[in-house]
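Residue-level listing of the chains:
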Amino acid sequence: MRKLTYLVACSIDGFIGDPSGDATAMFTYLDEEFLGYLAAERPDTLPAPARKAFGIEDRPLERFDTVIQGRGSYEEGLKEGVTSPYAHLREYVASHTLTESPDPHVEIISGDLVAKVRELKAEDSRFDIYLCGGATVAGELFDEIDELIVKTYPMTYGTGMPMFATGVSLTHFTLDSVRTFGNGILVRTYSRKR
């Protein structure tokens, strides 16, 4: 069974962006050390334009072959003219408002998201599924998330968009690893206790 991994950036107080979802305040922490880590150890999770900038656009997949994101996250790329932000992966966008995909490589999931994710998890593949966000989709898929990779940035928003908008109940995870960076970012990996 394939795993669904929610890899998310958040503030110390648990927000993935300001109340409108804008996370650009975190960009100031994207220094050489941290970007090097992302390129070397999380290349599948980088958008295609970033992979190209790092010179790794042709690098074979290592961990993920599928990405799921919400309409809000997807539209951030659309604003920049990027219709297939993860062209190296199979791309799914969960949306009840997008009726047609702007790119033939991107499939819109407008029906039962949980059922679709269970179908993807049941596929025979050595690769896992990357849940890119956002908060609403992560909340809807909370019970399906097998692993959390939380990139905590040393800042607070005070208020904003939470990691999970809905659907979260008391759930226990096991801490698998912690990695620290000179700029204060922590990357913690958790496995769900089943």
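Residues numbered from 1 in each chain as written. Predicted model: local features only at pLDDT ≥ 70, side-chain atom pairs only at ≥ 80, totals over all residues. Heavy atoms only, no water.

(A) View of helix α1 (residues 32-41). For α1, the full list of buried residues reads Phe34, Tyr37, Leu38 and Ala39. In the core, the buried residues of α1 are packed alongside α2 (48-54), β7 (147-153), β9 (173-180) and β10 (186-192). (Buried < 20%, exposed > 50% of the residue type's maximum accessible area, 1.4 Å probe, protein only. Helix = DSSP H or I, 4+ residues; strand = E, 2+ residues; numbered from the N terminus. Contact = heavy atoms within 4.5 Å.)

(B) Main features of helix α4 (residues 113-121). Along α4, the residues classified as buried are Leu113, Val114, Lys116, Val117, Leu120 and Lys121. For α4, the buried positions fall inside an angular range of 160° around the axis, keeping them on one side. Here α4 starts with a cap whose side-chain oxygen sits 3.2 Å from the backbone nitrogen of valine 114, and that cap is aspartate 112. (Arc of directions from axis to C-beta. Polar contact = N/O pair within 3.5 Å; in protein donor to acceptor, adjacent residues only side chain to side chain.)

(C) Quick look at the pairing of strand β3 (residues 64-70). Of all the seven residues making up β3, seven are buried; the element is thus mostly covered by neighbouring parts of the structure. Both β3 and strand β6 (residues 128-133) contribute to a ladder of five bridges, which runs parallel. Note on β6: the bridge partner recorded for valine 67 is tyrosine 130. In the sheet, β3 pairs with strand β4 (residues 90-94) via five bridges, with the strands oriented parallel. Bridge pairing links glycine 70 to alanine 94 in β4. (Pairing = 2+ DSSP bridges.)

(D) Just the sheet that holds β7, in detail. Pairing is mixed in the open sheet, where eight strands are placed in the order β5-β4-β3-β6-β1-β7-β10-β9. On the outer flanks of this sheet lie β5 (106-109) and β9, each paired with one strand and no other. The average angle at which neighbouring strand axes cross in this sheet is 25°, direction not considered. Pairing between strand β1 (residues 4-11) and β7: seven bridges, direction parallel. Bridge assignment links serine 11 to a residue of β7, and that residue is tyrosine 153. Those strands touched by α1 are β7, β9 and β10, and its axis lies near 160° from that of β7. (Axes fitted to C-alpha atoms, helices over the stretch in contact; angles between N-to-C directions.)

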